[in-house]
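Reading the structure
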Amino acid sequence: MKAVGVGHSCLDRICTVENYPREDDSTHITSISIQGGGAVATALVALSRLGVPSSFIGNGGFDRVTDQIEELFHSDGVDTSCLMRRKDAHGLESFVMVNRENGSRTKFPERDTNPPIEWNEALEKEIASADVLHLDGTGWENAVKAAEIAKRHGVTVSLDGCSMQKDNEKNRILASSSDILIMNRKYPLRVSGKESYEEALLEMATWGPKIVIATLGEKGSLAVVDGVVKAYPAFTSLPVVDTTGCGDVFHGAFLSALLKGKDTEEAIFFASAASALKATEKGGRKGIPTWERVTEFLENSWKQQKGETI
(Lines give C-alpha, C1' and ligand atoms only; values in the text may rest on other atoms or scores of the structure.)
Protein backbone atom coordinates (compact mmCIF):
# COMPACT_ATOMS: atom_id res chain seq x y z
CA MET A 1 0.00 0.00 0.00
CA LYS A 2 1.13 3.52 -0.75
CA ALA A 3 -0.46 6.98 -0.93
CA VAL A 4 0.96 10.06 -2.62
CA GLY A 5 -0.33 13.57 -1.99
CA VAL A 6 -0.21 16.76 -4.05
CA GLY A 7 -1.66 19.87 -2.42
CA HIS A 8 -1.46 22.22 0.49
CA SER A 9 1.19 21.88 3.19
CA CYS A 10 1.95 24.57 5.75
CA LEU A 11 2.99 25.34 9.29
CA ASP A 12 0.03 25.97 11.60
CA ARG A 13 0.34 28.40 14.50
CA ILE A 14 -2.64 27.39 16.64
CA CYS A 15 -3.78 30.04 19.11
CA THR A 16 -6.41 29.26 21.73
CA VAL A 17 -8.35 32.43 22.54
CA GLU A 18 -10.58 33.31 25.48
CA ASN A 19 -13.42 34.05 23.07
CA TYR A 20 -13.70 35.06 19.44
CA PRO A 21 -13.90 38.85 19.23
CA ARG A 22 -15.91 41.06 16.96
CA GLU A 23 -14.06 42.98 14.24
CA ASP A 24 -11.92 45.82 15.61
CA ASP A 25 -12.10 44.31 19.11
CA SER A 26 -9.60 42.13 20.98
CA THR A 27 -9.21 39.03 23.10
CA HIS A 28 -6.39 37.17 24.86
CA ILE A 29 -4.42 34.24 23.50
CA THR A 30 -4.15 31.66 26.27
CA SER A 31 -1.82 29.21 24.50
CA ILE A 32 0.08 28.77 21.22
CA SER A 33 0.94 25.45 19.58
CA ILE A 34 2.94 24.93 16.37
CA GLN A 35 2.00 21.91 14.25
CA GLY A 36 2.07 20.88 10.63
CA GLY A 37 -1.01 21.77 8.62
CA GLY A 38 -2.55 21.75 5.15
CA ALA A 39 -5.35 19.58 3.79
CA VAL A 40 -3.33 17.05 1.81
CA ALA A 41 -0.39 17.16 4.21
CA THR A 42 -2.50 16.32 7.26
CA ALA A 43 -4.32 13.56 5.38
CA LEU A 44 -0.92 12.02 4.54
CA VAL A 45 0.10 12.14 8.21
CA ALA A 46 -3.17 10.40 9.10
CA LEU A 47 -2.50 7.71 6.49
CA SER A 48 1.00 7.19 7.86
CA ARG A 49 -0.15 6.90 11.49
CA LEU A 50 -2.84 4.47 10.37
CA GLY A 51 -0.28 2.22 8.74
CA VAL A 52 -0.21 3.32 5.09
CA PRO A 53 3.16 4.58 3.76
CA SER A 54 2.75 8.02 2.20
CA SER A 55 4.77 10.68 0.39
CA PHE A 56 4.32 14.36 -0.44
CA ILE A 57 4.97 16.10 -3.76
CA GLY A 58 5.26 19.89 -3.68
CA ASN A 59 7.40 23.00 -3.65
CA GLY A 60 9.21 24.55 -0.70
CA GLY A 61 11.91 27.12 -0.14
CA PHE A 62 15.30 27.41 1.56
CA ASP A 63 13.78 28.86 4.70
CA ARG A 64 13.12 27.87 8.30
CA VAL A 65 9.40 27.35 7.75
CA THR A 66 10.06 24.77 5.03
CA ASP A 67 12.60 23.14 7.35
CA GLN A 68 9.95 22.82 10.06
CA ILE A 69 7.36 21.49 7.63
CA GLU A 70 9.80 18.80 6.49
CA GLU A 71 10.84 17.94 10.05
CA LEU A 72 7.20 17.45 11.06
CA PHE A 73 6.58 15.22 8.05
CA HIS A 74 9.60 13.12 9.02
CA SER A 75 8.39 12.77 12.61
CA ASP A 76 5.28 11.02 11.28
CA GLY A 77 7.05 8.92 8.66
CA VAL A 78 5.89 10.83 5.56
CA ASP A 79 8.41 10.64 2.71
CA THR A 80 9.62 14.10 1.58
CA SER A 81 12.02 13.06 -1.17
CA CYS A 82 9.71 14.86 -3.64
CA LEU A 83 9.49 18.09 -1.59
CA MET A 84 11.40 20.31 -4.00
CA ARG A 85 13.37 23.25 -2.60
CA ARG A 86 13.38 26.29 -4.89
CA LYS A 87 14.76 29.83 -4.61
CA ASP A 88 11.47 31.23 -5.93
CA ALA A 89 9.32 29.36 -3.35
CA HIS A 90 8.88 29.50 0.41
CA GLY A 91 7.25 27.60 3.25
CA LEU A 92 3.64 28.58 3.91
CA GLU A 93 2.17 29.52 7.27
CA SER A 94 -1.36 29.51 8.66
CA PHE A 95 -2.78 31.08 11.81
CA VAL A 96 -5.63 29.23 13.49
CA MET A 97 -7.74 30.80 16.24
CA VAL A 98 -9.46 28.21 18.44
CA ASN A 99 -12.40 29.26 20.63
CA ARG A 100 -11.86 27.45 23.91
CA GLU A 101 -15.58 27.68 24.72
CA ASN A 102 -16.69 25.30 21.95
CA GLY A 103 -13.58 24.10 20.10
CA SER A 104 -14.48 25.91 16.85
CA ARG A 105 -11.60 27.26 14.78
CA THR A 106 -11.17 30.23 12.45
CA LYS A 107 -8.32 29.95 9.96
CA PHE A 108 -6.12 32.62 8.41
CA PRO A 109 -4.00 30.73 5.86
CA GLU A 110 -1.29 32.43 3.81
CA ARG A 111 -2.22 32.49 0.13
CA ASP A 112 -0.06 30.07 -1.86
CA THR A 113 1.94 32.15 -4.34
CA ASN A 114 4.57 29.47 -4.99
CA PRO A 115 5.20 28.56 -8.65
CA PRO A 116 3.58 25.48 -10.21
CA ILE A 117 5.33 22.13 -9.84
CA GLU A 118 7.81 21.38 -12.61
CA TRP A 119 6.82 17.84 -13.48
CA ASN A 120 9.53 15.40 -14.47
CA GLU A 121 10.07 11.67 -14.90
CA ALA A 122 10.90 11.13 -11.22
CA LEU A 123 7.66 12.78 -10.03
CA GLU A 124 5.61 10.82 -12.55
CA LYS A 125 7.25 7.62 -11.34
CA GLU A 126 6.37 8.54 -7.75
CA ILE A 127 2.68 8.87 -8.62
CA ALA A 128 2.74 5.73 -10.77
CA SER A 129 4.07 3.75 -7.80
CA ALA A 130 1.09 4.63 -5.61
CA ASP A 131 -2.22 2.90 -4.95
CA VAL A 132 -3.94 6.26 -4.46
CA LEU A 133 -3.18 9.89 -5.28
CA HIS A 134 -4.77 12.39 -2.88
CA LEU A 135 -5.41 15.99 -3.96
CA ASP A 136 -6.97 19.10 -2.44
CA GLY A 137 -7.12 21.44 -5.40
CA THR A 138 -5.41 24.43 -3.75
CA GLY A 139 -2.99 24.59 -6.68
CA TRP A 140 -5.38 23.80 -9.54
CA GLU A 141 -2.70 23.35 -12.21
CA ASN A 142 -0.72 21.00 -9.97
CA ALA A 143 -3.80 18.96 -9.10
CA VAL A 144 -5.04 18.58 -12.68
CA LYS A 145 -1.61 17.53 -13.95
CA ALA A 146 -1.16 15.05 -11.10
CA ALA A 147 -4.61 13.57 -11.80
CA GLU A 148 -3.72 13.19 -15.49
CA ILE A 149 -0.56 11.29 -14.57
CA ALA A 150 -2.45 9.07 -12.11
CA LYS A 151 -5.12 8.23 -14.69
CA ARG A 152 -2.45 7.32 -17.21
CA HIS A 153 -0.99 4.80 -14.77
CA GLY A 154 -4.26 3.41 -13.38
CA VAL A 155 -3.83 5.04 -9.96
CA THR A 156 -6.98 5.86 -7.96
CA VAL A 157 -7.53 9.62 -7.60
CA SER A 158 -8.96 11.00 -4.35
CA LEU A 159 -10.03 14.66 -4.11
CA ASP A 160 -10.63 16.69 -0.98
CA GLY A 161 -13.39 19.02 -2.19
CA CYS A 162 -12.54 22.05 -0.07
CA SER A 163 -10.67 24.67 -2.07
CA MET A 164 -12.69 26.20 -4.92
CA GLN A 165 -11.67 28.26 -7.95
CA LYS A 166 -13.66 31.35 -8.95
CA ASP A 167 -14.16 29.74 -12.37
CA ASN A 168 -16.56 26.94 -11.44
CA GLU A 169 -15.79 25.05 -14.63
CA LYS A 170 -12.31 24.41 -13.21
CA ASN A 171 -13.92 22.94 -10.08
CA ARG A 172 -16.06 20.66 -12.23
CA ILE A 173 -13.08 19.51 -14.26
CA LEU A 174 -11.11 18.54 -11.16
CA ALA A 175 -14.09 16.91 -9.42
CA SER A 176 -14.80 14.89 -12.56
CA SER A 177 -11.22 13.62 -12.66
CA SER A 178 -11.54 11.99 -9.23
CA ASP A 179 -12.51 8.43 -8.36
CA ILE A 180 -13.15 9.31 -4.70
CA LEU A 181 -14.76 12.72 -4.08
CA ILE A 182 -15.16 13.74 -0.44
CA MET A 183 -16.27 17.35 0.09
CA ASN A 184 -16.87 19.84 2.87
CA ARG A 185 -20.31 21.35 3.45
CA LYS A 186 -19.84 24.26 1.00
CA TYR A 187 -18.36 22.47 -1.99
CA PRO A 188 -21.26 20.28 -3.24
CA LEU A 189 -23.87 23.04 -3.54
CA ARG A 190 -21.51 25.61 -5.05
CA VAL A 191 -19.88 23.30 -7.58
CA SER A 192 -23.00 21.36 -8.62
CA GLY A 193 -25.32 24.36 -8.67
CA LYS A 194 -28.02 22.31 -6.93
CA GLU A 195 -30.15 23.50 -4.01
CA SER A 196 -30.00 20.41 -1.80
CA TYR A 197 -27.24 18.03 -0.76
CA GLU A 198 -29.17 15.04 -2.08
CA GLU A 199 -29.50 16.60 -5.53
CA ALA A 200 -25.87 17.75 -5.48
CA LEU A 201 -24.39 14.39 -4.51
CA LEU A 202 -26.50 12.43 -6.97
CA GLU A 203 -25.58 14.87 -9.74
CA MET A 204 -21.87 14.71 -8.97
CA ALA A 205 -21.99 10.91 -8.87
CA THR A 206 -22.74 11.05 -12.62
CA TRP A 207 -19.55 13.01 -13.35
CA GLY A 208 -17.20 10.06 -12.91
CA PRO A 209 -16.38 9.53 -9.21
CA LYS A 210 -17.20 6.07 -7.88
CA ILE A 211 -17.48 7.34 -4.29
CA VAL A 212 -19.18 10.67 -3.45
CA ILE A 213 -19.38 11.93 0.15
CA ALA A 214 -20.09 15.24 1.89
CA THR A 215 -18.86 15.78 5.45
CA LEU A 216 -21.04 18.02 7.64
CA GLY A 217 -19.13 18.27 10.90
CA GLU A 218 -21.19 17.43 13.97
CA LYS A 219 -24.10 16.51 11.68
CA GLY A 220 -22.15 13.57 10.29
CA SER A 221 -21.85 12.84 6.60
CA LEU A 222 -23.87 12.03 3.50
CA ALA A 223 -22.81 9.49 0.88
CA VAL A 224 -24.12 8.02 -2.35
CA VAL A 225 -24.40 4.28 -1.74
CA ASP A 226 -26.10 1.96 -4.26
CA GLY A 227 -27.62 4.90 -6.09
CA VAL A 228 -29.23 6.61 -3.08
CA VAL A 229 -27.99 9.20 -0.58
CA LYS A 230 -27.53 7.87 2.94
CA ALA A 231 -26.87 9.78 6.16
CA TYR A 232 -24.19 8.69 8.63
CA PRO A 233 -24.08 10.11 12.18
CA ALA A 234 -21.03 11.71 13.72
CA PHE A 235 -19.50 10.37 16.93
CA THR A 236 -20.55 13.01 19.46
CA SER A 237 -19.77 11.21 22.73
CA LEU A 238 -16.20 12.51 22.90
CA PRO A 239 -15.24 15.97 24.21
CA VAL A 240 -14.42 18.48 21.47
CA VAL A 241 -11.25 20.47 22.15
CA ASP A 242 -10.35 21.59 18.62
CA THR A 243 -11.87 20.70 15.24
CA THR A 244 -8.81 21.86 13.26
CA GLY A 245 -7.91 19.19 10.70
CA CYS A 246 -10.91 16.93 11.33
CA GLY A 247 -11.89 16.94 7.66
CA ASP A 248 -8.32 16.22 6.58
CA VAL A 249 -8.09 13.32 9.02
CA PHE A 250 -11.42 11.99 7.70
CA HIS A 251 -9.85 11.78 4.22
CA GLY A 252 -6.72 10.01 5.39
CA ALA A 253 -8.63 7.59 7.58
CA PHE A 254 -11.18 6.83 4.86
CA LEU A 255 -8.43 6.04 2.35
CA SER A 256 -6.52 3.89 4.84
CA ALA A 257 -9.68 1.91 5.60
CA LEU A 258 -10.37 1.32 1.89
CA LEU A 259 -6.78 0.29 1.22
CA LYS A 260 -6.99 -2.20 4.10
CA GLY A 261 -10.09 -3.86 2.67
CA LYS A 262 -13.08 -2.14 4.28
CA ASP A 263 -16.13 -1.32 2.17
CA THR A 264 -17.45 2.22 1.70
CA GLU A 265 -19.82 2.23 4.70
CA GLU A 266 -17.24 0.67 7.01
CA ALA A 267 -14.69 3.22 5.82
CA ILE A 268 -17.11 6.09 6.56
CA PHE A 269 -17.60 4.95 10.15
CA PHE A 270 -13.87 4.39 10.56
CA ALA A 271 -13.09 7.88 9.22
CA SER A 272 -15.77 9.48 11.41
CA ALA A 273 -14.33 7.78 14.48
CA ALA A 274 -10.79 8.88 13.61
CA SER A 275 -11.98 12.48 13.19
CA ALA A 276 -13.81 12.43 16.52
CA LEU A 277 -10.71 11.12 18.29
CA LYS A 278 -8.55 13.80 16.68
CA ALA A 279 -10.88 16.54 17.95
CA THR A 280 -10.07 15.62 21.55
CA GLU A 281 -6.62 17.21 21.15
CA LYS A 282 -5.52 20.70 20.15
CA GLY A 283 -4.21 21.20 16.62
CA GLY A 284 -4.64 19.39 13.33
CA ARG A 285 -2.23 16.53 13.95
CA LYS A 286 -1.55 15.90 17.64
CA GLY A 287 -4.73 13.90 18.14
CA ILE A 288 -4.56 11.77 14.99
CA PRO A 289 -5.08 8.22 16.29
CA THR A 290 -3.48 4.91 15.37
CA TRP A 291 -5.35 2.11 13.62
CA GLU A 292 -5.57 0.17 16.88
CA ARG A 293 -7.08 3.10 18.78
CA VAL A 294 -9.78 3.69 16.16
CA THR A 295 -10.61 0.00 16.01
CA GLU A 296 -10.92 -0.21 19.80
CA PHE A 297 -13.14 2.88 19.88
CA LEU A 298 -15.44 1.42 17.21
CA GLU A 299 -15.68 -1.90 19.02
CA ASN A 300 -16.89 -0.08 22.12
CA SER A 301 -19.29 2.22 20.28
CA TRP A 302 -23.00 1.69 19.74
CA LYS A 303 -22.91 3.57 16.45
CA GLN A 304 -21.78 0.69 14.29
CA GLN A 305 -24.95 0.86 12.24
CA LYS A 306 -25.75 1.31 8.59
CA GLY A 307 -26.49 4.71 7.17
CA GLU A 308 -30.09 5.76 6.81
CA THR A 309 -31.51 6.62 3.39
CA ILE A 310 -32.65 10.24 3.23
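All of the points below concern the structure found in this document.

**Here we look at the overall build of the protein chain**
Tallying secondary structure elements over the protein chain gives 10 helices and 14 strands in all. The C-alpha atoms of the protein chain give a radius of gyration of 18 Å, which matches the 19 Å a tight globule of 310 residues would have. When its C-alpha atoms are laid out on the principal axes, the protein chain stretches across 50 × 50 × 40 Å. When each of the 310 residues of the protein chain is scored for burial, the buried share is 54%. Total accessible area computed for the protein chain in this model is approximately 14000 Å², and 48% of it derives from carbon and sulfur atoms. Positive and negative side-chain charges in the protein chain, numbering 35 and 44 respectively, have mean positions lying 1 Å apart.

**Some words on the side chain of Gln-165**
Position of Gln-165 relative to the elements: it lies in the loop between β9 (156–161) and α5 (168–176). For Gln-165, the side chain forms a polar contact with the main-chain oxygen of Gly-137, separated by 3.4 Å. Leaving out residues up to four positions away in the same chain, Gln-165 has contacts with Gly-137, Thr-138, Trp-140, Lys-170, Asn-171 and Arg-190.

**Quick notes on helix α4 (residues 140–152)**
Over its 13 residues, α4 runs 18 Å from end to end, which matches the ideal 18 Å to within 8%, given 1.5 Å per residue. Here α4 has its buried residues at Trp-140, Asn-142, Ala-143, Val-144, Ala-146, Ala-147, Ile-149 and Ala-150. Buried residues belonging to α4 abut β1 (3–6), α3 (121–128), β8 (132–135), β9 and α5. One or two residues past the end of α4 sits Gly-154, with phi positive at roughly 70 degrees.

**Points about the environment of Lys-186**
Assignment of secondary structure puts Lys-186 in the loop between β10 (180–183) and α6 (187–192). Residue classification places Lys-186 among the exposed positions, given a relative accessible area of 60%. Spatially, the C-alpha atom of Lys-186 lies 9.7 Å from that of Ser-163, the residues being 23 residues apart in sequence.

**Observations concerning helix α2 (residues 64–75)**
The end-to-end C-alpha distance of α2, which contains 12 residues, comes to 16 Å, matching closely the 16 Å that a straight helix rising 1.5 Å per residue would cover. Buried within α2 we find Val-65, Thr-66, Gln-68, Ile-69, Glu-70 and Phe-73. Against β2 (10–17), α1 (39–49), β4 (54–60), β5 (79–85) and β6 (93–99) lie the buried residues of α2. Residue Asp-63 occupies the N-cap position of α2, its side-chain oxygen lying 3.2 Å from the main-chain nitrogen of Val-65. Immediately downstream of α2, the backbone of Gly-77 shows phi near 80 degrees, a positive value.

**Points about the environment of Glu-101**
With respect to the element layout, Glu-101 can be found in the loop between β6 and β7 (105–109). For Glu-101, the residues in contact, after removing those within four places along its chain, are Glu-18 and Asn-19.

**Focus: the packing of aromatic side chains**
Across all of its chains, the model carries 6 aromatic pairs by this definition. Between Phe-250 and Phe-254, the ring centres sit 6.4 Å apart and the planes meet at 5 degrees, which makes this aromatic pair stacked. Of this pair, Phe-250 and Phe-254 both sit in helix α8 (residues 246–259), 4 residues apart, which is roughly one turn of that helix. Judged on exposure class, the residue Phe-250 and its partner Phe-254 are both buried. Through pairs of rings, three or more aromatic residues link up here, namely Tyr-232, Phe-235, Phe-269 and Phe-297.

**Describing the sheet that holds strand β3 (residues 29–37)**
Strands sit in the order β3-β2-β6-β7 across an open sheet of 4 strands; the sheet is mixed. Two strands close off the open sheet at either side, each with one partner strand: β3 and β7. Each strand axis lies, on average, 20 degrees off the axis of its neighbour in the sheet, ignoring direction. Sheet analysis places β2 next to β3, joined by 8 bridges and oriented antiparallel. Among the inter-strand pairings, Leu-11 is bridged to a residue of β3, identified as Gly-36. Most of the contacts of α2 go to β2, to which it runs at about 90 degrees, and overall it touches β2, β3 and β6.

Cut-off values and rules
Residues numbered from 1 in each chain as written. Predicted model: local features only at pLDDT ≥ 70, side-chain atom pairs only at ≥ 80, totals over all residues. Heavy atoms only, no water. Helix = DSSP H or I, 4+ residues; strand = E, 2+ residues; numbered from the N terminus. Rg over C-alpha atoms; globule rule 2.2 N^0.38 Å. Buried < 20%, exposed > 50% of the residue type's maximum accessible area, 1.4 Å probe, protein only. Areas by Shrake-Rupley, 256 points an atom, 1.4 Å probe, with all protein chains shown as cover. Lys, Arg positive; Asp, Glu negative; His and termini not counted. Charge placed at Lys NZ, Arg CZ, Asp CG, Glu CD. Polar contact = N/O pair within 3.5 Å; in protein donor to acceptor, adjacent residues only side chain to side chain. Contact = heavy atoms within 4.5 Å. Expected span 1.5 Å × (residues − 1). Phe/Tyr/Trp six-rings, centres within 6.5 Å; stacked < 30°, edge-to-face > 60°. Pairing = 2+ DSSP bridges. Axes fitted to C-alpha atoms, helices over the stretch in contact; angles between N-to-C directions.

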